[in-house]
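# Secondary and tertiary structure notes
Okay, here's what each chain looks like letter by letter:
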Amino acid sequence: MASRFRHAALVGKYQAPCSRRVLADVAEFLAAQGLEVSLDADSALATGIADYPALTTAEIGRQCDVVVVVGGDGTMLATARALAEFNLPLVGINQGRLGFMTDISLAELRETLPAMLAGDYEEEHRGMLQGKVKRPAADDTLEVIHESFAVNDVVVSRGATAGMVELRVDIGDEFVANLRADGLIVGSPTGSTAYALSAGGPILHPKVAGWALVPIAPHDLSNRPIVVPDSGEVQVEIVSGRDATVNFDMQSLTSLAHGDRIRVRRSGGTVRFLHPRGWSYFATLREKLHWASGAV
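This one's a predicted model, so the numbers in the text were calculated from it and none came from an experiment. Counting restarts for each chain: residues are numbered from 1 in the order of the written sequence. The predicted origin of the model limits local features to residues at a pLDDT of at least 70 and limits the giving and counting of side-chain atom pairs to 80 or more, whereas totals for whole chains, interfaces and linings rest on all residues. In computing side-chain properties, one takes all heavy atoms of the structure into account and sets aside hydrogens as well as water.

## Remarks on the environment of T102
To keep things clear, this is the line we draw: We count a stretch as a helix when DSSP gives it H or I for four or more residues in a row; a strand needs E for two or more, and each element gets its number in order from the N terminus. Burial classes: relative accessible area under 20% of the type maximum marks a residue as buried, over 50% as exposed, and values in between as partly exposed (1.4 Å probe, protein chains only). When checking whether two residues touch, look at their non-hydrogen atoms; a contact exists if any pair is within 4.5 Å.
One can find T102 in the loop between β5 (89-94) and β6 (104-105). What makes T102 buried here is its relative accessible area of 0%. Expressed as a C-alpha distance, the spacing of T102 and G74, which sit 28 residues apart in the sequence, is 9.5 Å. Excluding residues that lie within four positions of it along the chain, T102 makes contacts with G71, G72, D73, M76, G92, I93 and N94.

Right, dumping it as structure tokens:
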């Protein structure tokens, strides 16, 4: 069965036990399917695998036409964010614990991947968040001090040893709420099964064009999670509180000061996930969240 792809980039969770052996096995398998194989530079350096070219993120974007990610959802998130501008399809091999996005187990690799590489797969597009942190300057203008993308969520939170933060939330030009809490999660449908779910937020189907705004341990119990359209801009302003931070997918972090404004909008790009034929979002929820554990 011929491959419809030409050049695969392999990205690994190289901190995991046995990662060198696992990555080497996957690379050998991909090469046996007729693909040119390269490792991302960090994976190659960390594992010492020197049998394949090591490429930077930009080189992967220019030279490869599919990316195989071996690890957990955190590895997939980092890869998706880094390669967002190149619109490459991503295939996830689960070497982590949960695997909402890395849905092929190592045990299923040899049975599942050849058909996918030949074009027999389900393709899914997921939206991303784009955020900027703006800080008031001396001339009353707003200066951008940080910006990043997120697949899961943008999280504003208090310092580890500080009390609650007070946040002002606006959507578009409309004031929504002032809340005192440990923080606020702006979660995409993809991120609705991550931190937002742990904080009591709703699960959003990936095709829902919305975000979940989920307060973290709010002072007022009336501050409930709310789902809003993703067509507008969400602005979160730091009113008070010490050592507040904002992070993007728990991987890009910056410190905040009073008056800082975090502006979140829908990114122009999407993430392309390839799944085995017959893949089902609801089956994934059922398996990962143990929804069938009480079934007779």
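## Observations concerning the packing of aromatic side chains
Each aromatic ring pair is specified by the distance between its two centres and by the angle formed by the two planes. The following threshold applies: Centres within 6.5 Å are what make two rings of Phe, Tyr or Trp a pair, Trp counting through its six-membered ring; a difference in plane orientation under 30 degrees is then read as stacked, over 60 as edge-to-face, and the rest as tilted.
With the rule as written, the count across this model stands at two aromatic pairs. Both rings, one in F5 and one in Y121, keep their centres 6.3 Å apart while their planes meet at 20°; by these two values the pair is stacked. Here F5 is found in the segment before β1 (7-12), whereas its partner Y121 is found in strand β7 (residues 121-136), with 116 residues between them in sequence. F5 sits in the buried class, given a relative accessible area of 8%.

## Description of the pattern of salt bridges
Keep this limit in mind: Basic side-chain nitrogens of Lys or Arg form a salt bridge, by our definition, when they fall within 4 Å of a carboxyl oxygen of Asp or Glu.
Applying the stated rule across the entire model yields 16 salt bridges. The network of salt bridges with shared partners includes D120, E122 and R277.

## Quick word on the nonpolar core
Applicable threshold: What is meant by a nonpolar core is a set of buried Ala, Val, Leu, Ile, Met, Phe, Trp, Tyr and Cys residues, joined one to another through side-chain atoms within 4.5 Å.
One finds L10, V26, L30, V68, V70, V91 and L113 to be the most contacted residues of the largest nonpolar core, which totals 27 residues. For this core, the elements supplying multiple residues, two or more each, are β1, α1 (19-32), β2 (36-40), β4 (66-71), β5 and α5 (109-117). With six residues, the top contributor of residues to this core is α1. When sequence neighbours within four positions are dropped, the list of residues in contact with V70 reads L10, V11, G12, K13, V22, L23, V26, T75, I93 and Q95. Counting residues in each nonpolar core, the second largest holds 24 residues, with L179, L184, A244 and I262 among its members.

## Here we look at the packing of α1 against α5
Short version of the rule: Structural elements are reduced to axes, namely lines fitted to C-alpha atoms, with helices fitted over the stretch in contact, and the angle between N-to-C directions of any two is expressed from 0 to 180 degrees. Our angle categories are set so that under 35 degrees counts as roughly parallel, over 145 as roughly antiparallel, 65 to 115 as roughly perpendicular, and the remainder as oblique. In this scheme the handedness of a crossing depends on how the near helix is turned from the far one: anticlockwise by less than a right angle means left-handed, clockwise means right-handed. Think of it as three bins: nonpolar holds Ala, Val, Leu, Ile, Met, Phe, Trp, Tyr, Cys and Pro, charged holds Asp, Glu, Lys and Arg, and polar takes everything else, Gly as well.
Packing of α1 against α5 brings their axes to within 11 Å, and their N-to-C directions diverge by 45°. Considering their axes alone, α1 and α5 lie oblique with respect to each other. Crossing geometry of α1 relative to α5 is assigned as right-handed. Note on element contacts: α5 touches α1 through L109, R110, L113, P114 and L117, opposite D25, V26, F29 and L30. When grouped by side-chain class, the residues that make up the contact of α1 with α5 number seven nonpolar, no polar and two charged.

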